[in-house]
Amino acid sequence: MKVVCAGGGPAGLYLAILLKRQDPSHDITVHERNPEGSTYGWGVTYWRGLLDRLQEHDPDSARAIEDASVRWSDGVAHVRDLTTRHRGDQGFGIGRHRLLDLLADRARALGVRLEYESELTGPPAGADLVVAADGVHSALRTRHAQAFGTEITSGRNHYLWLGTTKVFDAFTFAFTETAHGWIWAYGYGYSGEHSTCVVECSPETFTGLGLDRADDAEGGALLEKLFADVLDGHPLIARPGAGWLNFRTLTNRAWRHDNVVLLGDAAHTTHYSIGAGTTLALEDAMCLAEALRTHTDLPEALAAYERRRTAELLSAQSAARYSARWYENLPRYIDLPPHRMFALLGQRHSPLLPYVPPQLYYGLDKAAGRLEALRRFKRWIGPRAARTLQTRSAARRG
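1. Some points on the sheet that holds strand β7 (residues 129-132)
Adjacent strands of a sheet form backbone hydrogen bonds with each other and so pair up, either parallel or antiparallel. Spatial ordering of the open sheet is given by β6-β2-β1-β7-β16-β15, a layout of six strands whose pairing is mixed. Each edge of the open sheet is held by one strand with a lone partner, namely β6 (113-116) and β15 (256-257). Where strand β2 (residues 27-32) lies against β6, four bridges are found, and the strand directions are parallel. The residue bridging H31 from the neighbouring strand is E115, located in β6. Here helix α1 (residues 10-22) sits on the sheet and contacts β1 (2-6), β2, β6 and β7; the angle it forms with β2, its principal contact strand, is near 170°.

2. Observations regarding the sheet that holds strand β3 (residues 43-47)
The mixed open sheet is built from eight strands, whose spatial order is β3-β5-β4-β10-β11-β12-β9-β13. Single-partner strands in this sheet number two, and they are β3 and β13 (236-238). Strand-to-strand, the axes of this sheet are offset by a mean angle of 35°, without reference to chain direction. Of the pairings in the sheet, the one linking strand β9 (residues 158-164) to β13 comprises three bridges and is antiparallel in character. Residue pairing for β13: T164 is matched across the bridge by L236. Docked against the sheet, helix α12 (residues 338-346) engages β4 (70-79), β5 (82-95) and β10 (171-178), running at close to 35° with respect to β5.

3. A short note on unusual backbone geometry
Glycine aside, a negative phi is what most residues show, and trans is what most peptide bonds show. Non-glycine residue R80 carries a positive phi angle of around 55°. Among the secondary structure elements, R80 is positioned in the loop between β4 and β5. With a phi close to 55°, E117 is a non-glycine residue in the positive phi region. With respect to the helices, strands and loops of the structure, E117 is situated in the loop between β6 and β7.

4. Quick notes on the pattern of salt bridges
Per the counting criterion, the structure on display carries 25 salt bridges. A salt bridge links D58 to R21; its shortest N-O distance comes to 3.4 Å. Taken together, the positions of D58 in the loop between α2 (48-57) and α3 (59-67) and R21 in helix α1 put the pair 37 residues apart, joining distant regions of the chain. Residue classification places D58 among the buried positions, given a relative accessible area of 0%. On the basis of relative accessibility, which here comes to 39%, the residue R21 falls in the partly exposed class. One salt bridge connects R85 with D74, and the closest N-O pair in it is separated by 2.9 Å. Of this pair, R85 sits in strand β5 while D74 is found in strand β4, placing the two residues 11 residues apart along the sequence. A single network of salt bridges, built from pairs that share partners, joins R53, E283, D284, E290, R308, R309 and E312.

5. Quick look at the confidence of the model for the protein
When pLDDT is averaged across the protein, the result is 92; 93% of the residues are at 70 or more. Counting interchain partners and residues more than four positions distant, the pLDDT-below-50 stretch residues 381-387 has zero contacts.

6. Brief notes about the nonpolar core
Across soluble globular proteins, nonpolar side chains show a tendency to be buried alongside one another. With 64 residues, the main nonpolar core has Y14, L54 and V131 as its most contacted residues. Of the residues forming this core, the biggest block, 10 residues, is contributed by helix α10 (residues 277-294). In terms of nonpolar packing, the next biggest core, distinct from the first, is built from 28 residues, F173, M341, L344 and V356 among them.

7. A look at the environment of A367
Looking at the element boundaries, A367 is found in helix α13 (residues 358-397). You can call A367 partly exposed: its relative accessible area is 35%. For the pair A367 and S323, spaced 44 residues apart in the sequence, the C-alpha separation amounts to 23 Å.

8. A few points about the side chain of T164
Within the secondary structure, T164 is located in strand β9. Overall, T164 belongs to the buried group, its relative accessible area being 0%. In terms of polar contacts, T164 uses its side chain to reach the backbone amide nitrogen of K166, at 3.1 Å.

9. Side note on the state of the cysteines
In this structure the tally under the stated criterion is zero disulfides. With no disulfide partner, C5 has as its closest neighbouring cysteine sulfur the one in C287, 16 Å distant. Judged by relative accessible area, which is 3%, C287 ranks as buried.

10. What about the packing of aromatic side chains?
Tallied over the entire structure, the rule returns 20 aromatic pairs. Taken together, a centroid distance of 5.3 Å and an interplanar angle of 40° make the contact between F171 and F173 tilted. Each member of the pair, F171 together with F173, is buried. Ring geometry for F173 against Y186: centres 6.1 Å apart, planes inclined by 70°, an arrangement best described as edge-to-face. Placement of the pair is F173 in strand β10 and Y186 in strand β11 (residues 181-189), with a sequence separation of 13 residues.

The rules behind these values
- Residues numbered from 1 in each chain as written.
- Predicted model: local features only at pLDDT ≥ 70, side-chain atom pairs only at ≥ 80, totals over all residues.
- Heavy atoms only, no water.
- Pairing = 2+ DSSP bridges.
- Helix = DSSP H or I, 4+ residues; strand = E, 2+ residues; numbered from the N terminus.
- Contact = heavy atoms within 4.5 Å.
- Axes fitted to C-alpha atoms, helices over the stretch in contact; angles between N-to-C directions.
- Salt bridge = Lys/Arg side-chain N within 4 Å of Asp/Glu carboxyl O.
- Buried < 20%, exposed > 50% of the residue type's maximum accessible area, 1.4 Å probe, protein only.
- pLDDT = per-residue confidence, 0-100.
- Core = buried A, V, L, I, M, F, W, Y, C linked by side-chain atoms within 4.5 Å.
- Polar contact = N/O pair within 3.5 Å; in protein donor to acceptor, adjacent residues only side chain to side chain.
- Disulfide = S-S within 2.5 Å.
- Phe/Tyr/Trp six-rings, centres within 6.5 Å; stacked < 30°, edge-to-face > 60°.

In structure tokens, the structure reads:
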């Protein structure tokens, strides 16, 4: 099969790797509009579950990605001058640039052609399958936007994607109160030298602080001052040309049109606050590769991929909507004691939380947790108690 992929991000590169592993005779070319080595963003996050799935699909790239990643297991929240730390599941961070280098090297080693500074704006002649993995601004998808049923909605808050030389030892949240409202940052390490730092605030805070009028230097200096306590004197680093954005949630009614199929951010986006964008893109690639392996008929394969992924994404998309809403309604939670606020931050994906008073929800959640802990204890102690009674009964009979 001749496969042409638009977009050399994680989704496009990993799909090329998987298809070449399935059948080395596939003719696969990946076209990337940007020069090799250039990418947006700083670091990306993922969790153990993704690493396990990568290991199942391609152990070589999984091992390389894990070796290049940093790990953390704590979450820290700074609210005004108070701090709370919680132990959580192990998380991983890796530089986006490093991730792309590893995937590109693996794809080349398997015989995939990578064409940089090469943009596809329409399906090329002679291709059996055309993969639109060229991001939220996909030229291929835009060309057939009506067929795909593309819808884009913008979030209320403003955010800015930054880097810093401060290496956070935990996934860090910092909430700072200003005369114009709250502004907050999410920070996580992705190498031994750098961390990602995403700053977010409401429109009222954005204009009240003058961030809508400040140039890069003025805005950066203000943010460094606002988050001085967590940055420990380290600078914030902006990518040239990057500015404040409103998150765009993209959905498509259909993911396939003729022999063109959507992958990754070209098909869907989920709010950055759930940290799942790269994971979902790689899972798209796994699903599409599996569908192409198990269905010899291309239309059937693409239909199976679309059905499965749209169903699997429902929970992530719901979580992303509620997570974005939690931050848009931050004043509802911010005056709780920090440990309670942080607990509800962890519950922000709940569809009930927006409709239950925060203090009441916290109490109910704690009670449910104790009940579940009791259930787990009973499940654990039950077989052991039964074995003890059997042993004592046998001893008495003896």
